[in-house]
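# Geometric and topological summary
Chain residues, written in single-letter form:
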Amino acid sequence: MAQKQAHTSMTETLAEFKELKNIDKETLVQVLTDAFLSVLAKMFGTSENLNVIVSPETGELEILRTRKVVEDDSIQNENTEIGLHEALEHDSLAEIGGEYADYLDFASFGRRAILNLRQALQGKVLELQKTSLSQKFKEKIGQLVSAEVYQVWKREALLVDDEGNELLLPKSEQIPGDYFRKGESVHAVIDHVDDENNNIKIYISRTSPEFLKRLFELNVPEIGDGLITIKRVARIPGERAKMAVESYDDRIDPVGACVGMNGSRIRSIVRELKGENIDVMSYTTNSSLFVQRALSPAKITSIEILPEDLKAEVYLDPEEVPMAIGKNASNIKLASALTGYKIEVFRNIEESDEEDIFLNEFSDEIETWILEELKNIGCNTALSVLRIPRAELLTKSDLEESTIDNVLEILSSEFDAEELARIGFSAHNNETENEETPAESLPSETTATEEE
């Protein structure tokens, strides 16, 4: 074997990067090895015959090169081949076709090689840092963070956490009413990490259901201690939320613990969420009971669960329907999201309305999406639609005038004049007759009844 050449110790270099980048020794050794091989490959054209050995303890480094022994006049690549005469000078057992190994002194390659090494090492460390940062925050997805606002743009805000990491809060993940000033401390949860093209972007959210969960964990000790569990959450950010909780201790009222005495615990959460109204209820595996609780404050008279379709049909007195649906259908949307059931609301038909017809029976004449729009405003039967003045139907629904008129014509054709007169449908006829009147001359004081 060739005489082993001493190589300059890399202890100081290792110590420098260990201190500045906080990388463990084993990983740093691998990074250093890869950096050396990268530089050597550029110098010699290949690094396949090179082996870099780094001592984790001392930081000393050796570069072992293996070459094939050939005739002195047959050398084509001095990096991979060595002449027999030269090989015999260092190894008396060298022979044609055999292998000869020697150690390279990297310092002898000059200042440019060392600069290239340092640049390659810095690139490897930066790449490792990005990978480590990405993995770190991917493991934190859903966790609560507190960061300081650094800059606010139209579509997003840039925040910086205690460790100097940059976090992005898109406008879509901000609660309506959020207004940030530079230097302000903001709470949010880690939403996702985008590491496309090795450009790490960490996104946070204040609209995620997880954010509501973490705020309750922070403000309700029983949740943090595991005595109460948050089972389900549904939110319309900044407007309304529903949350189902369960207690593992019969002595603890989960709803009372979350709300606090006189609302003391939930008040600070509502303030953080810009006035978001939060309904807290006890979780139950009884589907019928869970749906009833989710539709609160409306009182249900009967309910039918269709498990195979994940559907719940609920029946209420007419005065309860607006509360079940809620303003902008918020209550029924949240109840559906919380329970996992598609909830359909039906009015209890009074004795005088025994001849009423459910809207579903008109599916052959009226498109399904139109029927669904009518259901969303609390109408599930023909008479429930015909009772509402035409102008009010236009205000409460997103349907066109021609569509409304077509629906009224189809529905009214199923009833005799006496029944239509009883529910006051003649008002519709008057408004329909005046449709040719220019829009500018129509009264502008059309008001919609508040649903909740």
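Cut-offs applied
- Residues numbered from 1 in each chain as written.
- Predicted model: local features only at pLDDT ≥ 70, side-chain atom pairs only at ≥ 80, totals over all residues.
- Heavy atoms only, no water.
- Pairing = 2+ DSSP bridges.
- Helix = DSSP H or I, 4+ residues; strand = E, 2+ residues; numbered from the N terminus.
- Axes fitted to C-alpha atoms, helices over the stretch in contact; angles between N-to-C directions.
- Buried < 20%, exposed > 50% of the residue type's maximum accessible area, 1.4 Å probe, protein only.
- Contact = heavy atoms within 4.5 Å.
- Phe/Tyr/Trp six-rings, centres within 6.5 Å; stacked < 30°, edge-to-face > 60°.
- Salt bridge = Lys/Arg side-chain N within 4 Å of Asp/Glu carboxyl O.
- pLDDT = per-residue confidence, 0-100.
- Left-handed = near helix turned anticlockwise from the far one by under 90°.

### Observations regarding the sheet that holds strand β13 (residues 302–306)
Two strands in a sheet stick together by hydrogen bonds in their backbones, pointing the same way (parallel) or opposite ways (antiparallel). Spatial ordering of the open sheet is given by β13-β14-β15, a layout of three strands whose pairing is mixed. Both outer strands of the open sheet, β13 and β15 (342–347), are each paired with one neighbouring strand and no more. With direction set aside, neighbouring strand axes in the sheet form an average angle of 15 degrees. Bridge count between strand β14 (residues 311–316) and β15: six bridges; the pairing is parallel. Looking across to β15, one finds that Leu-316 is bridged to Arg-347.

### Comments concerning unusual backbone geometry
Of all residues except glycine, most have a negative phi; of all peptide bonds, most are trans. Going from Ser-296 to Pro-297, the amide bond is cis rather than trans, its omega being 15 degrees. Inspection of the secondary structure puts Pro-297 in the loop between α9 (287–294) and β13. The backbone of Asn-262 shows a phi angle near 55 degrees, a positive value even though the residue is not glycine. Taking the relative accessible area as the measure of exposure, Asn-262 reaches 70% and is therefore exposed.

### Topic: the sheet that holds strand β11 (residues 240–247)
Spatial ordering of the open sheet is given by β10-β11-β12, a layout of three strands whose pairing is mixed. Strands with a single pairing partner mark the edges of an open sheet, and in this sheet they are β10 (228–236) and β12 (277–282). Strand-to-strand twist in this sheet, taken as the mean axis angle between neighbours without regard to direction, amounts to 20 degrees. Docked against the sheet, α9 engages β10, β11 and β12, running at close to 155 degrees with respect to β12. Sheet strands in contact with helix α11 (residues 330–339) are β10, β11 and β12, and its direction is about 35 degrees off that of β11.

### A word on the packing of aromatic side chains
For the structure shown, the criterion picks out three aromatic pairs. Between Tyr-315 and Phe-346, the ring centres sit 5.1 Å apart and the planes meet at 20 degrees, which makes this aromatic pair stacked. Here Tyr-315, found in strand β14, pairs with Phe-346, found in strand β15; they are 31 residues apart in sequence, far enough to count as distant. Between Phe-346 and Phe-358, the ring centres sit 5.3 Å apart and the planes meet at 85 degrees, which makes this aromatic pair edge-to-face. In this pair, Phe-346 is assigned in strand β15 and Phe-358 in the loop between β15 and α12 (368–376), connecting sequence segments 12 residues apart. Judged by relative accessible area, which is 4%, Phe-346 ranks as buried.

### Let's talk about the pattern of salt bridges
As enumerated under the stated definition, the model contains 20 salt bridges in all. With a closest N to O distance of 3.1 Å, Lys-138 and Asp-195 form a salt bridge. Remark: Asp-195 occurs in the loop between β8 (185–194) and β9 (201–205) and Lys-138 occurs in helix α4 (residues 111–138); sequence separation between them is 57 residues. We classify Asp-195 as partly exposed; its relative accessible area is 32%. Linking Arg-251 and Asp-249 is a salt bridge whose minimum nitrogen-to-oxygen distance equals 2.9 Å. Relative accessible area serves as the criterion here: at 76%, Arg-251 is assigned to the exposed category. Connected through salt bridges with shared partners, the residues Glu-210, Lys-213, Arg-214 and Glu-217 form a single ionic network.

### Considering the environment of Arg-118
Within the secondary structure, Arg-118 is located in helix α4. Residues Arg-118 and Ala-35 lie 83 residues apart in sequence; the distance between their C-alpha atoms is 8.3 Å.

### Notes on the confidence of the model for the chain
Per-residue confidence for the chain averages 83 on the pLDDT scale, and 87% of its residues sit at or above 70. When the criterion is pLDDT under 50, residues 427–452 qualifies, and its contacts beyond four places in sequence or with other chains add up to 39 contacts.

### Structural notes on the packing of α9 against α11
Interaxial distance between α9 and α11 falls to 9 Å at its minimum, and their mutual angle equals 145 degrees. The two elements α9 and α11 cross, and the hand of that crossing is right-handed. Between α9 and α11, the contacting residues are Phe-290, Val-291 and Ala-294 on the first element and Asn-331, Ala-335, Leu-338 and Thr-339 on the second.

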